[in-house]
Amino acid sequence: MTANNLARLICRVANGDNRALELLYLKTARGVYAFLYTYLHNHADTEDAMQTVYLKIKKGAGSFKAGTNGRAWILQIAKNHALDVLRQKRYDLPIESVANTCANNSFSDQTVMNAMQKVLTEEEQQIIALHVLWGYKHREIAQTLNVPTGTITSKYKRSIEKLKTALKGVDL
């Protein structure tokens, strides 16, 4: 989805268009889910967070400024909510438990998600999610995360190599 189309949908949501909210959800849910999952490491918490994030998007759509980056706006809402959830729960799931807690996950790329959880840092997971699922360029990721572009590029390449190594022999 182009940035302009996304911005138009958010503006329509701000005007109370529930069909626009539905379309926004359909176009962005996979990326938002993956982004939230990098923080929450748990299917149930991520699903709960998804509902809350889209409610916050609906309620806060009026504060979205047309012409700004809609993806960044949505991900900022998701990030803020994920951090709130973590502050409230104050827990850390051990990485080994991720596969067990996600056994019933409907996310179609669960094998890749599990591998990401096992071999990548939180920052590396965010870089992969922003680039692969959201289509951000490395420059945009660098601006979003306040990191030099070269750092993002090298971390992305290293992360991909880690994933390739982890997924060798796994039947996708």
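Residues numbered from 1 in each chain as written. Predicted model: local features only at pLDDT ≥ 70, side-chain atom pairs only at ≥ 80, totals over all residues. Heavy atoms only, no water.

(A) Spotlight on the packing of aromatic side chains. Within this structure, the stated rule accounts for 4 aromatic pairs. Between the aromatic rings of Tyr 33 and Tyr 37, the centroid separation amounts to 5.9 Å while the plane-to-plane angle is 20 degrees, which identifies the pairing as stacked. Taken together, the residues span about one helical turn, with Tyr 33 and Tyr 37 both in helix H2 (residues 18-40) at a distance of 4 residues. For the residue pair Tyr 33 and Tyr 37, the accessibility class agrees, reading buried in each case. (Phe/Tyr/Trp six-rings, centres within 6.5 Å; stacked < 30°, edge-to-face > 60°. Helix = DSSP H or I, 4+ residues; strand = E, 2+ residues; numbered from the N terminus. Buried < 20%, exposed > 50% of the residue type's maximum accessible area, 1.4 Å probe, protein only.)

(B) The arrangement of the side chain of Gln 125 in detail. Of note, Gln 125 is situated in helix H7 (residues 122-133). Judged by relative accessible area, which is 2%, Gln 125 ranks as buried. Contacts of Gln 125, omitting those with residues within four sequence positions, involve Thr 38, His 41, Met 116, Gln 117 and Leu 120. (Contact = heavy atoms within 4.5 Å.)

(C) Representation of the confidence of the model for the chain within the structure. For the chain, mean pLDDT is 83; residues scoring 70 or higher make up 86% of the total. Confidence drops under pLDDT 50 across residues 91-108; counting only partners more than four residues distant or on other chains, this segment forms 31 contacts. (pLDDT = per-residue confidence, 0-100.)

(D) Region of the structure containing helix H8 (residues 138-145). Taken residue by residue, H8 has His 138, Glu 140, Ile 141 and Ala 142 as its buried positions. Within two residues after H8, Asn 146 carries a phi angle of roughly 55 degrees, on the positive side.

(E) Structural view of the side chain of Gln 117. As for its placement among the helices and strands, Gln 117 is situated in helix H6 (residues 110-119). Taking relative accessible area as the criterion, Gln 117 reaches 2% and is therefore assigned buried. Reaching out from Gln 117, the side chain makes a polar contact with the side chain of Gln 125 at a distance of 2.7 Å. (Polar contact = N/O pair within 3.5 Å; in protein donor to acceptor, adjacent residues only side chain to side chain.)

(F) Broad picture of the environment of Asn 42. Structurally, the position occupied by Asn 42 is in the loop between H2 and helix H3 (43-60). On the accessibility criterion, Asn 42 (13% relative accessible area) is buried. In terms of polar contacts, Asn 42 uses its side chain to reach the backbone amide nitrogen of Asp 45, at 2.9 Å.

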